[in-house]
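Structural overview
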2 protein chains.
Amino acid sequence: MNGSVKESSSTKYRLIYFDVRGRGEIPRLLFHAAKVDFTDDRVDSEEKWYNSLKAKMPQKVLPVLEVDGKQLSQSLTICRYLAREFGLCGKTNWEQAQVEQVVDTMDDLRAEVAKWIYEKDTVKKDEIASNLRSEIYPKFFGILETILRENEENNNRSGYFVGDHLTLADLSVFETFTFPLSIHPDIFDDHLELQEHRQRIMTDKHLAEYIKNRPERPV
Amino acid sequence: MNGSVKESSSTKYRLIYFDVRGRGEIPRLLFHAAKVDFTDDRVDSEEKWYNSLKAKMPQKVLPVLEVDGKQLSQSLTICRYLAREFGLCGKTNWEQAQVEQVVDTMDDLRAEVAKWIYEKDTVKKDEIASNLRSEIYPKFFGILETILRENEENNNRSGYFVGDHLTLADLSVFETFTFPLSIHPDIFDDHLELQEHRQRIMTDKHLAEYIKNRPERPV
């Protein structure tokens, strides 16, 4: 925890997002990992979004985080803000950069997977899926496994991506693979370290109950 | 400056990027704004990149920042790391989030402009240009002008995006509009505050000489 910048414990947090995981789920996981109360405001009606809420949002998109009523846009900015606030973003500036490097890398993967989600032509969709399996996933597996192994060498096999405890980096990897694993369940088969890492998050004492009971959504 | 995490003044920085502005220019501007020495390693030969350098880069892409030999990937991670190191990323966690919100917003604009850059079909390219002018630029102008005005109200008309001095947010806005202004020179015509902000960066005592004399590149 960084005492000098941490909001007081009476801070009122409200996360406004649609009723899917999408770009709202990593912030939700951060709140649960840190055991910090927040209002999980899930907008589940198009009418509510288009007719009343959208115009009040600074960039006319979600997620938006409200901190004592002050609004913050941009999902990754929200993730990093909360992670710093909750002591889940590394202990030094360099560790923080290591965390952010993983998060930005997972955002690159998300963009690749989004091509599959938004493609309507079934032939092209199959081509994208094939490319994900043969090129994209292996590339990201290689990057992540290298980072995980280097950190394990430096930190007594903590099993986390940065330093010796859970950070935003771990939550980002966990969440970003949730959708790919739902369409390609076997992709971790030859990647024991990534399997073990995923299991570590799913059984985390602060996260296990939330992950088990959270609303099931396709994305 | 955050004394507890700042690298010592003998830190050796090397920024490896291609010989264009691209995703390397905001880091370069940060070094100049902070008056910190760095090696501006501009890879200007495809042979050097493909035959020797690429394999040594953690994610096989550039930019990469080396800090005393340790490598950091992901351009926005590099920007934020340097900005924190140099005291150009806000004074509190909330100010840092304000800075990052602007940076992520400018990355959204960059992605929109990239569609024009990479489109080869001339008819489609014209359509994208038309959409940039009628929809995209105005949307981002609105977001930026709102942030600039709110900060001016809170900070005695500093003229910067966050707080009372130059931050990464200002450099991000400045650099991200350099290319759009080169293809659409009139877009700031009705946006006096953005003109003035741009002028403020171009005449900054630490930046003016670099910006005036830096290599001219199309992107």
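How each quantity is defined
Residues numbered from 1 in each chain as written. Chains lettered and ligands numbered in written order. Predicted model: local features only at pLDDT ≥ 70, side-chain atom pairs only at ≥ 80, totals over all residues. Heavy atoms only, no water. Contact = heavy atoms within 4.5 Å. Buried area = accessible area lost by both parts, 1.4 Å probe. Salt bridge = Lys/Arg side-chain N within 4 Å of Asp/Glu carboxyl O. Polar contact = N/O pair within 3.5 Å; in protein donor to acceptor, adjacent residues only side chain to side chain. Helix = DSSP H or I, 4+ residues; strand = E, 2+ residues; numbered from the N terminus. Buried < 20%, exposed > 50% of the residue type's maximum accessible area, 1.4 Å probe, protein only. Least-squares fit on C-alpha atoms with pLDDT ≥ 70 in both. Pairing = 2+ DSSP bridges. Axes fitted to C-alpha atoms, helices over the stretch in contact; angles between N-to-C directions.

Let's talk about the interface of chain A and chain B
- The partner chain B presents 27 residues to the 27 residues of chain A that form the contact.
- Carbon and sulfur atoms supply 48% of the area buried between chain A and chain B, which totals about 2500 Å² over both sides.
- Considering only the surface of chain A that becomes buried against chain B, A:Asn93, A:Trp94 and A:Gln101 emerge as the three largest contributors, covering 28% of it.
- At the junction of chain A with chain B, the criterion picks out six salt bridges.
- Two residues, B:Asp104 and A:Arg80, come together in a salt bridge whose shortest N-O distance is 3.0 Å.
- Applying the counting criterion to the chain A and chain B interface returns 26 residue pairs in polar contact (both at pLDDT 80 or more).

A closer look at the pattern of salt bridges
- In total, this model carries 40 salt bridges over all chains according to the counting rule given.
- Of the charged contacts in the structure, one is a salt bridge between B:Arg80 and A:Glu100, with a shortest N-O distance of 2.7 Å. On the criterion of chain membership, the pair formed by B:Arg80 in helix H3 (residues 75–85) and A:Glu100 in helix H4 (residues 93–118) is interchain, its members lying in two chains. The pair formed by B:Arg80 and A:Glu100 is uniform in burial state, with each residue classed as buried.
- A salt bridge links B:Asp41 to B:Arg14, with the nearest nitrogen and oxygen atoms 2.6 Å apart. With B:Asp41 in strand S2 (residues 39–43) and B:Arg14 in strand S1 (residues 13–18), this pair connects stretches of sequence that are 27 residues apart.

Focus: the relation of the copies chain A and chain B
- Of the transformation placing chain A onto chain B, the axial shift is 0.0 Å and the rotation is 180°, giving an RMSD of 0.0 Å. In the structure described here, the two chain copies are related by an operation that fits a two-fold rotation axis.
- Interface overlap between copies is the fraction of interface residues in one copy that are interface residues in the other; for chain A against chain B it reaches 100%, indicating a shared surface.

Digging into the sheet that holds S1(B)
Residue and element names in this part refer to chain B.
- Read across the sheet, four strands follow the order S2-S1-S3-S4 without closing on themselves; strand pairing throughout is mixed. Whereas interior strands pair on both sides, the edge strands pair on one side only; in this sheet they are S2 and strand S4 (70–72). Strand-to-strand twist of the sheet, defined as the mean angle between neighbouring strand axes without regard to direction, takes the value 20°.
- Of the strand pairs in this sheet, S1 and strand S3 (residues 64–67) are connected by four bridges, and their pairing is antiparallel. Looking across to S3, one finds that Leu15 is bridged to Leu65.
- Sitting on the sheet, helix H2 (residues 46–53) touches S1 and S2, and the angle it makes with S2 is about 100°.

Some points on the sheet that holds strand S2 (residues 39–43) of chain A
Residues and elements named next belong to chain A.
- Spatial ordering of the open sheet is given by S2-S1-S3-S4, a layout of four strands whose pairing is mixed. Every other strand in the sheet has two partners, leaving S2 and strand S4 (70–72) as the edge strands with one partner each. Each adjacent strand pair in this sheet contributes to an overall mean axis angle of 20°, direction not counted.
- Inspection of the sheet shows strand S1 (residues 13–18) paired to S2 by five bridges, in the parallel sense.

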